[in-house]
Amino acid sequence: SLTIGIVGLPNVGKSTLFNALTKNDVLAANYPFATIEPNVGVVGVPDPRLAKLAEMFSSQRVLPATVDFVDIAGIVRGASEGEGLGNKFLANIRESDAICQVIRAFKDENVVHVDGKISPKSDIETINTELILADLQTIEKVLPRLQKEARVKKDIQPKLKAVESAKEILDAGRTLFAAGIAQGTEAAEPLHDLHLLTTKPFLYVFNVDEDELADESFKDEQRALVAPAEAIFLDAKLEADLAELDADEALELLQSVGQEEPGLATLARVGFDTLGLQTYLTAGPKEARAWTIKKGATAPEAAGVIHTDFQKGFIKAEVISYDDLVEAGSVADSRAAGKARMEGKEYVMQDGDVVEFRFNV
Ligand code: GDP
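Just so we're clear, the structure is a prediction, and the values are computed from it rather than from any experiment. (Residues numbered from 1 in each chain as written. Predicted model: local features only at pLDDT ≥ 70, side-chain atom pairs only at ≥ 80, totals over all residues.)

(A) Geometry of the site of the ligand. Not every one of the 15 residues close to the ligand is listed here, only the nearest: Gly13, Lys14, Ser15, Thr16 and Asp108. Contributions of two or more residues to the shell around the ligand are made by helix H1 (14-23) and helix H8 (236-244). Top element by residues in the shell around the ligand is H1. It accounts for three residues. (Near = placed C-beta within 6 Å. Helix = DSSP H or I, 4+ residues; strand = E, 2+ residues; numbered from the N terminus.)

Printed below as a string of structure tokens:
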């Protein structure tokens, strides 16, 4: 499955956040015998629709979609110079499908900042610089050969152009993602085999003091720093406390600081979206479940997530939109109201589709 790598300078609260994440590990909760890697946290994507479906179908359990977070430890500054830990750090980032940078905004004098001052802007630049330098090294390795080849092979030209313009962006100190050359887009296609780090989608977690959680002008300033990437604001210490509490106590603590949901819930949802993923829903007496697919997946591809045989033998999918199902009250009533659609092989799955597949075995 796709993973999000968590990076950040020392002392910004990465471990605190990651520990809170692993306390919410849905693998540990639902699959007690699963092997859990120490640096991976598997977090449920909160979806209130599942509880409603479970009620309607008397499901025994609820299984949300999940996101895998990987704690990428290691020094950051000088990583691109390829010293020991630096290499490992970059290799771990290369294996991640998205990069989540934790940035310190909390002020605590007892916690030393590596650069002696709290500055989200310069922290972001420090990390970006390492990733940009690593990408520039990759490009400088292939560029001379590409230029040579392009002289004899005309079809190399578009790739050479793409690499040269990527180099210009990086030379100017920008990530490729920020310049719109994101992994999975057409613009990034010619660069695909270079596995450049800065084409990965980025998201930013600002580890803030409690009073900053509701400070909209402060948050807007930070959002502007990282756009087009998403910014999430949380207090890692508060998240660690929340992870220790039962649901009622956690809700009370959240309300006391004016928050609607834990920052980790927001992080899971935004992370899932940043990875280019969406869900569809199934429900029955056994379980109410959200299944993970890529945005734009067709009905047979969606069926394949449950079982490869479902995809091979796909006939059609009976689809009811969640809102229609809730309004009608049951599958039978949805059918009677003409809200159950039979969809074929070309159907592109939509958010909130509640599905039952018909297939040959
Ligand atoms: P890491 O080096 O990025 O993994 O940072 P840690 O999670 O180890 O945190 C470094 C120190 O900062 C620890 O003493 C934490 O207790 C403290 N810390 C982490 N998050 C917060 C926060 O949100 N507020 C405050 N005041 N302290 C924090």
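(B) Inspection of helix H6 (residues 157-171) at higher detail. With 15 residues, H6 extends 21 Å from end C-alpha to end C-alpha; this agrees with the ideal 21 Å at 1.5 Å per step. For H6, the complete set of buried residues consists of Lys159, Val163, Ala166 and Leu170. One face of H6 carries all of its buried residues, which in axial projection span an arc of 60 degrees. Turned more than 90 degrees away from the buried face of H6, the exposed residues are Pro158, Glu168 and Asp171. On its buried face, H6 sits against helix H5 (120-152). Note on H6: the residue one or two positions beyond its end, Gly173, has a positive phi of about 85 degrees. (Expected span 1.5 Å × (residues − 1). Buried ≥ 20, exposed ≤ 12 C-beta atoms within 10 Å, placed from the backbone. Arc of directions from axis to C-beta. Contact = placed C-beta atoms within 7 Å.)

(C) A look at helix H10 (residues 263-274). In a regular helix each residue adds 1.5 Å, so 12 residues correspond to 16 Å; H10 covers 16 Å between its end C-alpha atoms and thus fits that length. Here H10 lies mainly inside the structure; nine of its 12 residues are buried. For H10, the complete set of buried residues consists of Gly263, Leu264, Ala265, Leu267, Ala268, Val270, Gly271, Phe272 and Thr274. Count one or two residues on from H10 and you reach Gly276, which has phi positive near 80 degrees.

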